[in-house]
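# Architecture at a glance
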Amino acid sequence: MADCAVPGDDSRTPGRNMCEGRVVIVTGAGRGLGRAHALAFAAEGAKVVVNDLGVGLDGGLDRSLDGNRGRGRDLNGPGGPSGPAQLVVDEIRAAGGEAVAHGGDIATTDGAASLVAAALETYGRLDTLVNNAGFLRDRMLVNLDEDDWDAVMRVHVKGHFLPLRHAAAHWRAEAKAGRPVAARVVNTTSGAGLLGSVGQGNYAAAKAGIIGLTLVASAEMGRYGVQVNAIAPAARTRMTEATFAGLAALPEDVSPLVVWLGSAGSAGVTGRVFEAEGGRITVMEGWRPGPTADRGTRWTPAEAGVAALKLLAEAEPPLPVYGVR
Ligand SMILES: NC(=O)c1ccc[n+]([C@@H]2O[C@H](COP(=O)([O-])OP(=O)(O)OC[C@H]3O[C@@H](n4cnc5c(N)ncnc54)[C@H](O)[C@@H]3O)[C@@H](O)[C@H]2O)c1
């Protein structure tokens, strides 16, 4: 089993970092939050597989990358040697850490399977999967095209499911072979998925779906030594700098919680959702039954309405949807 600090162990002697010996995959780690997570894991001694397809803000061509200019790069192909994943690997190595780049699309079976294989073939093990890659296609619902719906559901929901599925199959096989597993998955949801967000119907639905996937994966995989949690981050990245111009918190502020959740030190924590922004960490408390009434037989519609209004008067009002003025 990987050598990891226990909770409360603050020792930081060389060779005894929180994730020494662990192998960690971070998807979408060429920029923003994923990059910060990859650097933070490497700083704690992990070997990191840095995945990034190197796409633009909407999942299309990234015109900020030199290698793409005027060439119409194949978006299903690798991120490329001068792509963002390799640049983060170079940063980790320059700081004395170990990392390898993977440029595949995590929302494809090939991309997800080859990502898990990259960890196993390069470093011989896999301990932590951080699902983070994604993009936005914001529109009000009446203007939301089917393509924009599909692309956002695909990259977030399928892009979480496929790496999780391939990693989970590996960990189950390890557990069945009698090898100890202390695996961790950290998924990335959003305040939009928790509360809703005006202009983000596709994204809010996808990020809410990731919470459901997290709960199921946690329940199914616990018996194999796999813990699955989710974070709802907030940080200034290219994704948020235009829409949330006032958001000053840095991606690096979110990563410490992700590293801890991805370490053996988080033993016993699974199926939970945390918000993280700046110096604040919040445990999100999910749906639970509120006021209830049971008349023991079927209501008429009119009676159901009276009962529902009475229950609503007793219930906690919901938190506002993001973007409602
Ligand atoms: N920034 C925030 O405040 C915030 C808030 C809530 C949730 N999130 C979530 O955090 C995650 C990271 O967001 P960010 O702000 O760092 O964005 P970002 O655009 O800076 O980084 C996302 C990265 O994912 C990569 N990517 C996109 N599709 C991919 C694919 N199919 N395969 C591999 N890589 C792919 C992109 O190339 C990009 O480098 C996203 O899931 C986002 O929805 C961010």
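Parameters at a glance
- Residues numbered from 1 in each chain as written.
- Predicted model: local features only at pLDDT ≥ 70, side-chain atom pairs only at ≥ 80, totals over all residues.
- Helix = DSSP H or I, 4+ residues; strand = E, 2+ residues; numbered from the N terminus.
- Buried ≥ 20, exposed ≤ 12 C-beta atoms within 10 Å, placed from the backbone.
- Contact = placed C-beta atoms within 7 Å.
- Near = placed C-beta within 6 Å.
- Nonpolar A, V, L, I, M, F, W, Y, C, P; charged D, E, K, R; others polar.
- pLDDT = per-residue confidence, 0-100.
- Expected span 1.5 Å × (residues − 1).
- Pairing = 2+ DSSP bridges.
- Axes fitted to C-alpha atoms, helices over the stretch in contact; angles between N-to-C directions.
- Core = buried A, V, L, I, M, F, W, Y, C linked by C-beta atoms within 7 Å.
- Right-handed = clockwise from strand over helix to strand, strands pointing away.
- Parallel < 35°, antiparallel > 145°, perpendicular 65-115°, else oblique.
- Left-handed = near helix turned anticlockwise from the far one by under 90°.

Let us now look at the overall build of the protein chain. The number of helices and strands found in the protein chain is eight helices and eight strands. Among the 325 residues that make up the protein chain, the fraction classed as buried is 45%. Considering only residue pairs separated by 6 or more positions, the protein chain has 69% of its internal contacts joining residues 24 or more positions apart.

Here we take up the site of the ligand. The ligand sits among 32 residues. The nearest are Gly-28, Gly-32, Ala-133, Gly-134 and Thr-237. Class assignment for the residues of the shell around the ligand results in 13 nonpolar, 15 polar and four charged.

Taken as a whole, the protein chain shows an average pLDDT of 92; of its residues, 90% reach a score of 70 or greater. Low confidence marks residues 1-15, where pLDDT is under 50. Its contacts with residues over four positions away, or in another chain, come to 24 contacts.

A few words on helix α2 (residues 84-94). For α2, the complete set of buried residues consists of Pro-84, Ala-85, Gln-86, Val-88, Val-89 and Ile-92. Check the buried side of α2 and you find it contacts α1 (32-43), β2 (47-51) and β3 (98-102). Positioned one or two residues after α2, Gly-96 has a phi angle of 90°, which is positive.

Glancing now at helix α8 (residues 301-314). The terminal C-alpha atoms of α8, which comprises 14 residues, lie 20 Å apart, in line with the 20 Å expected from a rise of 1.5 Å per residue. Here α8 lies mainly on the outside; zero of its 14 residues are buried.

To continue, consider the sheet that holds strand β7 (residues 273-277). Read across the sheet, eight strands follow the order β3-β2-β1-β4-β5-β6-β7-β8 without closing on themselves; strand pairing throughout is mixed. The open sheet has two free edges, formed respectively by β3 and β8 (280-284), since each of these has just one partner strand. Sheet twist, expressed as the mean angle between neighbouring strand axes with direction ignored, is 20°. Here strand β1 (residues 23-26) runs beside strand β4 (residues 128-130); their pairing, made up of three bridges, is parallel.

Its place among the elements puts Gly-34 in helix α1. On the basis of neighbour counts, which here come to 29 C-beta atoms within 10 Å, the residue Gly-34 falls in the buried class.

Turning our eyes to something else, we now look at the nonpolar core. Counting 79 residues, the largest nonpolar core has Ala-38, Phe-41, Val-48 and Val-50 as the members making the most contacts within it. Among the elements that line this core, the one with the most residues is helix α4 (residues 146-176), at nine residues.

The subject of this paragraph is the pairing of strand β5 (residues 183-188). The buried fraction of β5 amounts to six of the six residues, a majority that puts the element mostly inside the structure. Alternating residues of β5 divide into Ala-183, Val-185 and Asn-187 and Arg-184, Val-186 and Thr-188, and every residue in both groups is buried. In the sheet, β4 pairs with β5 via three bridges, with the strands oriented parallel. Bridging from a neighbouring strand, Leu-129 pairs with Val-185 of β5. Remark: the β4/α4/β5 crossover connection has right-handed handedness. As paired elements, β5 and strand β6 (residues 226-234) share six bridges and run parallel to each other. By the bridge assignment, Thr-188 is partnered in β6 with Ile-231.

Time to look at the packing of α1 against helix α7 (residues 251-261). The N-to-C vectors of α1 and α7 enclose an angle of 55°; their axes lie 8 Å apart at closest approach. Here α1 is positioned oblique relative to α7, judged by the angle of their axes. Crossing angle aside, the handedness with which α1 passes α7 is right-handed. Of the residues in α7, those in contact with Gly-32, Leu-33, Ala-36, His-37, Ala-40 and Phe-41 of α1 are Pro-251, Glu-252, Val-254, Ser-255, Pro-256, Val-258 and Val-259. Here the residues of the contact of α1 with α7 are counted per class, giving nine nonpolar, three polar and one charged.

What follows concerns the packing of helix α3 (residues 109-123) against α4. Where α3 meets α4, the closest approach of the two axes is 8 Å, and the angle between their N-to-C directions is 40°. Of the possible angle classes, the one that applies to α3 and α4 is oblique. In this structure, α3 crosses over α4, and the sense of that crossing is right-handed. Of the residues in α4, those touching α3 at Thr-109, Ala-112, Ala-113, Leu-115, Val-116 and Leu-120 are Leu-162, Pro-163, His-166, Ala-167 and His-170. Of the residues in the contact of α3 with α4, the class split is eight nonpolar, three polar and no charged.

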